[in-house]
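The primary structure of each chain is shown beneath.
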Amino acid sequence: IPKFKDEVTFVKDWKESIGEAQSINVDIRIAGDSVCSASHTKLVCFSGSDGKIIRQKEAEDHFSSALVNIEPTSYIVSNSGFLRALNENFDSQWKVNVNDEAVSAPAVGSDSLYIRTVTGTIHAYSKLDGKKIWEFSAPPSPLVLRGQVGILVGPDGNLVAGFPGGYLYKFD
């Protein structure tokens with residue numbers, strides 16, 4: 001077993017606010033030299049090297065998920081149940097009503113986006129225009145915590161989801 005030092009010294013390069021965060025964790029995404037995130041009320045990208053704001057935009061709605069797949073299109077879900085595709089300036093390309101509260105950031109596949117909701121339903125949408133492709137419902141977990149909902153796009157581009165009772169489902 002390797003031995004580790006008991007103390008580590010860190011040097012803070014920069015510190016910037018992303019606005020009011022509504023959860024304990026603030027999800028960040030890296031795109032090239034950009035560090036991007038979404039607060040409850042704002043989208044912002046900083047230069048990774050010096051922390052200067054590259055672009056930002058006040059939210060049209062309150063966000064409930066992380067900003068994902070930063071370039072060239074970003075995807076995010078709002079508290080009011082809208083899935084949005086945003087261009088590089090964070091202007092809306094399209095939005096679709098999920099009709100439920102999302103408990104995860106969108107999982108991004110090659111052509112599709114996947115959202116999981118509090119009812120246990122997984123929705124698949126086209127990345128191109130937001131049209132619904134399919135949905136799958138399973139009994140929800142008795143307690144669902146944001147960020148711990150077990151959906152991801154696997155290496156083959158297909159969705160894998162965890163469900164109560166210890167089951168994994170793979171969707172083509």
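Structure: see above.
Residues numbered from 1 in each chain as written. Predicted model: local features only at pLDDT ≥ 70, side-chain atom pairs only at ≥ 80, totals over all residues. Heavy atoms only, no water.

### A short note on the sheet that holds strand β9 (residues 112-116)
Link 1 in the chain: Spatially, β8-β9-β10-β11 is the arrangement adopted by the four strands of the open sheet, whose pairing is antiparallel. Edge positions in the sheet fall to β8 (107-108) and β11 (132-136), since each has one partner strand and no second.
Link 2 in the chain: As defined by bridge partners, β9 adjoins strand β10 (residues 122-126) across five bridges and the pair is classed as antiparallel. Each bridged residue has a counterpart across the sheet, and for Leu-113 the counterpart in β10 is Tyr-125. (Pairing = 2+ DSSP bridges. Helix = DSSP H or I, 4+ residues; strand = E, 2+ residues; numbered from the N terminus.)

### Remarks on the packing of aromatic side chains
Link 1 in the chain: The tally for this structure, following the rule as stated, stands at two aromatic pairs.
Link 2 in the chain: A ring pair is formed by Tyr-114 and Trp-134, whose centres lie 5.9 Å apart and whose planes are at 45°; its orientation type is tilted. Pair noted here: Tyr-114 is in strand β9 and Trp-134 is in strand β11, with a separation of 20 residues, a long-range link.
Link 3 in the chain: Of the residues examined, Tyr-114 reaches a relative accessible area of 6% and is grouped as buried.
Link 4 in the chain: Positioned above the aromatic ring of Phe-90 is the side chain of Arg-55, whose terminal nitrogen or guanidinium carbon lies 5.0 Å from the ring centre.
Link 5 in the chain: The positively charged end of Lys-95 is found above the aromatic ring belonging to Phe-82, 4.5 Å away from the centroid. (Phe/Tyr/Trp six-rings, centres within 6.5 Å; stacked < 30°, edge-to-face > 60°. Buried < 20%, exposed > 50% of the residue type's maximum accessible area, 1.4 Å probe, protein only. Lys NZ or Arg CZ within 6 Å of the ring centre and 35° of its normal.)

### What about the pattern of salt bridges?
Two side chains bearing opposite charge may form a pair once their charged atoms approach each other closely.
Link 1 in the chain: If you walk through the whole model with that rule in mind, you get three salt bridges.
Link 2 in the chain: Residues Asp-129 and Lys-131 are paired through a salt bridge, measuring 3.8 Å at the closest nitrogen-oxygen approach.
Link 3 in the chain: On the basis of relative accessible area, Lys-131 is assigned to the exposed category, the value being 56%.
Link 4 in the chain: Where Lys-132 meets Glu-135, a salt bridge forms, and the shortest distance between an N and an O atom there is 2.6 Å.
Link 5 in the chain: The class of Glu-135 is partly exposed, set by a relative accessible area of 44%. (Salt bridge = Lys/Arg side-chain N within 4 Å of Asp/Glu carboxyl O.)

### Digging into the nonpolar core
Link 1 in the chain: Of all hydrophobic cores here, the largest spans twelve residues; its members are Val-68, Tyr-75, Val-77, Leu-83, Ala-85, Trp-94, Val-96, Val-98, Ala-102, Leu-113, Ile-115 and Tyr-125.
Link 2 in the chain: Of all the secondary structure elements, the ones that give two or more residues to this core are β5 (74-77), β6 (82-86), β7 (92-97) and β9.
Link 3 in the chain: With residues up to four places along the chain from it excluded, the contact list for Ala-85 reads Thr-73, Ser-74, Tyr-75, Asp-91, Ser-92, Gln-93 and Trp-94. (Core = buried A, V, L, I, M, F, W, Y, C linked by side-chain atoms within 4.5 Å. Contact = heavy atoms within 4.5 Å.)

### A short note on unusual backbone geometry
Link 1 in the chain: Of note in this structure, Phe-90 is not a glycine but carries a positive phi near 65°.
Link 2 in the chain: Structurally, Phe-90 can be placed in the loop between β6 and β7.
Link 3 in the chain: Even without glycine at this site, Asn-99 takes up a positive phi of about 65°.
Link 4 in the chain: If you trace the backbone, Asn-99 turns up in the loop between β7 and β8.

### Quick word on the side chain of Ser-47
Link 1 in the chain: Its location among the elements puts Ser-47 in strand β3 (residues 42-47).
Link 2 in the chain: Assessed through its relative accessible area of 10%, Ser-47 is described here as buried.
Link 3 in the chain: Polar side-chain contacts of Ser-47 include one of 3.3 Å to the side chain of Asp-33.
Link 4 in the chain: Looking at Ser-47, its side chain comes within polar contact range of the side chain of Asp-50, at 3.1 Å.
Link 5 in the chain: Excluding residues that lie within four positions of it along the chain, Ser-47 makes contacts with Trp-14, Asp-33, Lys-52 and Ile-54. (Polar contact = N/O pair within 3.5 Å; in protein donor to acceptor, adjacent residues only side chain to side chain.)

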